[in-house]
Every structure is written in structure tokens, then in C-alpha cells.
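Residue-level listing of the chains:
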Amino acid sequence: MGLGQTFLEVNAEKDFGNFKLDAEFSMDRGYCVVLGPTGAGKSLLLEIIAGILMPDRGKVIIDCEDVTGLPPERRGIGFVPQDYALFPHMSVYGNIAYGLKARGADKSDIRSAVEEIAENLGISHLLDRKPATLSGGEKQRVALARALVIQPKLILLDEPLAAVDLRTKEKLMNELKFVHREFGIPVIHVTHSLIEAATLADEIAVMMNGRIVEKGDAKKVLSSPSKEVADFLAVKGLFKKLLDILD
Ligand SMILES: Nc1ncnc2c1ncn2[C@@H]1O[C@H](COP(=O)(O)OP(=O)(O)OP(=O)(O)O)[C@@H](O)[C@H]1O
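Going by an unreviewed UniProt entry, the chain carries the name Molybdate/tungstate import ATP-binding protein WtpC and comes from Archaeoglobus veneficus. Recorded under Subcellular location (unreviewed entry), the UniProt text for the chain is reproduced unchanged: "Cell membrane". Recorded in UniProt under Sequence similarities (unreviewed entry), the annotation for the chain is "Belongs to the ABC transporter superfamily. Sulfate/tungstate importer (TC 3.A.1.6) family."

Written as C-alpha cells, this is what we have:
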């Protein structure tokens, strides 16, 4: 499939009683940021795409393949959840190697793949450490390495930069850009941050009350949001400044 064609299509409903997700979402191979207030259903959307959560109705299609009935490990997705979910009893090496071991990869292949990705993300010196001894930014890189080492078709990032300071955030944003460009993997990045959206996104989807209420080219969404979206962002004057960043 070439550039500009639909890579991912989600059309899924899930009713929790207290909350209903009714998500229609599609993207090509770019970098898509999903913005939305807390409790909008952003994490649930990622969990449905990853196969952690089964929709009541609907479909998930990745690269023309209907993966709705497939378990997470057969979807070829690298998922970095909100709290990174690193295994606390395993070393950084064990954490990164986990997905390859689970797929039955050869020991020496695992070692070279882990070492290569660790070098790419500048965490080779951390391989023997346990997650509890890492900083927020280091944990984020380890989680990203764990997601990337399986050579996924798609990367899902759930608020990946929420736990780091501004300087680290800027550095990590550059790394995410690099990873997206270098590995050529489509990314869905969930955040509340307009700065992250303006810096990283090719496309922006805005989610509210379980639905995607606006979606399109990043510049367009940031410059002319619907009233509903503008009210949520509540910073209309900021749009012009954000456009300056994009230019
Ligand atoms: N297993 C569940 N059972 C019932 N309700 C749930 C369940 N999981 C999530 N919810 C509810 O669904 C809604 C959406 O949750 P979700 O975590 O997707 O929001 P979010 O947009 O990612 O929020 P945040 O930005 O705060 O992470 C919330 O109201 C949440 O309480």
C-alpha cells in the first residue's frame, strides 16, 4: 500500500453503561495525534486498535487486513501504554526482549535486535538496570524500544510525554519524529498537549465523549476548529501562535 491511502480503519462501538465509545477513525501512514479532554475515550480507542479491548460491534482493519478477531500479539502493533507498563522484575534487556521471546525468536537474534534498538534510542548503558531505577524519560525510551523491537506495522503511544519535564519532552519529541521518519512506521499518539500536536502531527483527530468530532490535516484542525473543539481547547488565541510553530 502506498502513501496517502488508508492504512488503518476503525469503526467500533463499546458500551460500558456509564460510557459509550462510538469511534470512527481512519488514517494513512503518517503521524496522527489524538487530542481530547480527560475521559473522552482516547485510551479505549488505542486498546481497541491494539486488541486489548474487544468492541461490541465494528471492525479494525490494518493495512487491508481485518484484525478484529486477532489477539494483540498477532496484530503487529507496538503499544506504549500510559504508565509504560514495564515489567518491574525484569531488567531493561528482559523488557525489550520480551516480545521477541514470546514470538519464539532465536536467542542470538534477540540479543542483536535488542542491542541495535537500544543503541538507536541511546539506552545501551541501561540494559542491566531494573525499571524502578530509571527516570521518566529513560522509562519512556525503554517502552518505545520494547514496542519497536518487534518491527511493528503501527505504533500506539498513550500520553508518552506526560511524565517528563519540558526539556526532556522537547528531546523526546525530536526522537519520536526521528523514529517515525527513520522506521517509516505510522504512529497514533494520544495527548492533551497542543504543543505535542502542533510539533508532531501530520493529522489531528479530536475526541470528545467517545467520538471523533474533528479530524484532518494538523494545520487545518488547529487553525479552524469547530466551536465544540475550540471550547475544549479554550485557548483560541493560541492557534495563531501554534500555526507559527508549524510554519
Ligand atoms: N473497563 C471499564 N469499565 C467502565 N468504564 C470504563 C472502563 N474503561 C474505561 N472506562 C471509562 O471510559 C471513559 C473513557 O476512558 P479513557 O481512559 O479512554 O479516557 P481518556 O480519553 O484516555 O482519558 P485520559 O486523558 O484521562 O487518559 C472514562 O469515563 C472511563 O471511566
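Continuing now.
A. Highlighting the overall build of the chain. Of regular secondary structure, the chain possesses nine helices and ten strands. Over its C-alpha atoms the chain spans a radius of gyration of 18 Å, differing by no more than 12% from the 18 Å that the globule rule assigns to 247 residues. Across its three principal directions, the C-alpha atoms of the chain cover 55 × 40 × 40 Å. Taking all 247 residues of the chain together, 50% fall into the buried category.

B. Region of interest: the sheet that holds strand 9 (residues 203-208). Pairing in this open sheet of six strands is mixed, and the strands run 6-7-8-3-9-10 from one edge to the other. The open sheet has two edge strands with one neighbour each: strand 6 (77-80) and strand 10 (211-217). Here the strands of the sheet are splayed against their neighbours by 15° on average, with no regard to which way each runs. Against the sheet, helix 1 (residues 42-50) touches strand 3 (31-35), strand 6, strand 7 (154-158), strand 8 (187-191), strand 9 and strand 10, its axis set at about 155° to strand 7.

C. Focus on the domain arrangement of the chain. Entries for the chain in the domain assignment read domain 1 (1-76 + 152-211) and domain 2 (84-150). One C-alpha centre belongs to domain 1, the other to domain 2, and the line joining them spans 22 Å. With 16 residues of domain 1 in contact, the opposing surface of domain 2 contributes 13 residues. For the pair domain 1 and domain 2, the summed buried area comes to about 1200 Å², and 67% of that belongs to carbon and sulfur atoms. Taken together, the connections running from domain 1 to domain 2 amount to one salt bridge.

D. Seen up close, the layout of surface pockets. In this structure, the largest pocket occupies an estimated 470 Å³ of space. Lining the largest pocket we find 18 residues, and of these I77, F79, Y98, R103 and R146 sit closest to its centre. Among the elements of the structure, strand 6, helix 2 (92-102) and helix 4 (136-148) are those that each provide at least two residues to the lining of the largest pocket. Residues of the lining of the largest pocket, tallied by class, amount to 13 nonpolar, two polar and three charged. Taken as a whole, the second largest pocket spans an internal volume of roughly 200 Å³. If you trace the second largest pocket, you find it lined by A113, E116, I117, N120, L148, V149, Q151, F183 and I185. Residue contributions to the lining of the second largest pocket peak at four residues, all from helix 3 (residues 107-120). In the lining of the second largest pocket, the residues fall into six nonpolar, two polar and one charged.

E. Representation of the site of the ligand in the model. Close to the ligand lie 14 residues, the nearest being T38, G39, K42, S43 and H192. Within the backbone of G39, one N or O atom sits 2.8 Å away from an oxygen atom of the ligand.

F. Structural context of the packing of aromatic side chains. According to the stated counting rule, one finds one aromatic pair in the structure shown. Ring centres of F87 and Y98 lie 4.7 Å apart, and the angle between their planes is 50°; on these two criteria the pair is classed as tilted. Of this pair, F87 sits in the loop between strand 6 and helix 2 while Y98 sits in helix 2, placing them eleven residues apart in sequence. Under the relative-accessibility criterion, F87 is labelled partly exposed at 25%. On the basis of relative accessibility, which here comes to 41%, the residue Y98 falls in the partly exposed class. Across from the ring centre of F87, 5.0 Å away, lies the NZ or CZ of R146, which sits over that ring. One Lys or Arg, K215, reaches over the ring of F25 and ends 5.6 Å from the middle of that ring.

G. Looking closely at the side chain of S193. Looking at the element boundaries, S193 is found in the loop between strand 8 and helix 6 (194-200). On the basis of relative accessible area, S193 is assigned to the buried category, the value being 14%. From its side chain, S193 meets the backbone nitrogen of I195 in a polar contact 3.3 Å long. Here the side chain of S193 touches E196 through a polar contact of 3.0 Å, landing on its backbone nitrogen.

Criteria and cut-off values
- Residues numbered from 1 in each chain as written.
- Predicted model: local features only at pLDDT ≥ 70, side-chain atom pairs only at ≥ 80, totals over all residues.
- Heavy atoms only, no water.
- UniProt positions renumbered as here; feature names shortened; annotations may be inferred.
- Helix = DSSP H or I, 4+ residues; strand = E, 2+ residues; numbered from the N terminus.
- Rg over C-alpha atoms; globule rule 2.2 N^0.38 Å.
- Buried < 20%, exposed > 50% of the residue type's maximum accessible area, 1.4 Å probe, protein only.
- Pairing = 2+ DSSP bridges.
- Axes fitted to C-alpha atoms, helices over the stretch in contact; angles between N-to-C directions.
- Contact = heavy atoms within 4.5 Å.
- Domains from an automatic or database assignment.
- Buried area = accessible area lost by both parts, 1.4 Å probe.
- Salt bridge = Lys/Arg side-chain N within 4 Å of Asp/Glu carboxyl O.
- 1 Å grid on protein atoms, 1.4 Å probe; cavity = no way out; pocket = protein on both sides within 12 Å on 5 of 7 lines; lining within 4 Å.
- Points joined across faces, edges and corners; volume = space filled by probe spheres on them.
- Nonpolar A, V, L, I, M, F, W, Y, C, P; charged D, E, K, R; others polar.
- Near = heavy atom within 4 Å.
- Polar contact = N/O pair within 3.5 Å; in protein donor to acceptor, adjacent residues only side chain to side chain.
- Phe/Tyr/Trp six-rings, centres within 6.5 Å; stacked < 30°, edge-to-face > 60°.
- Lys NZ or Arg CZ within 6 Å of the ring centre and 35° of its normal.

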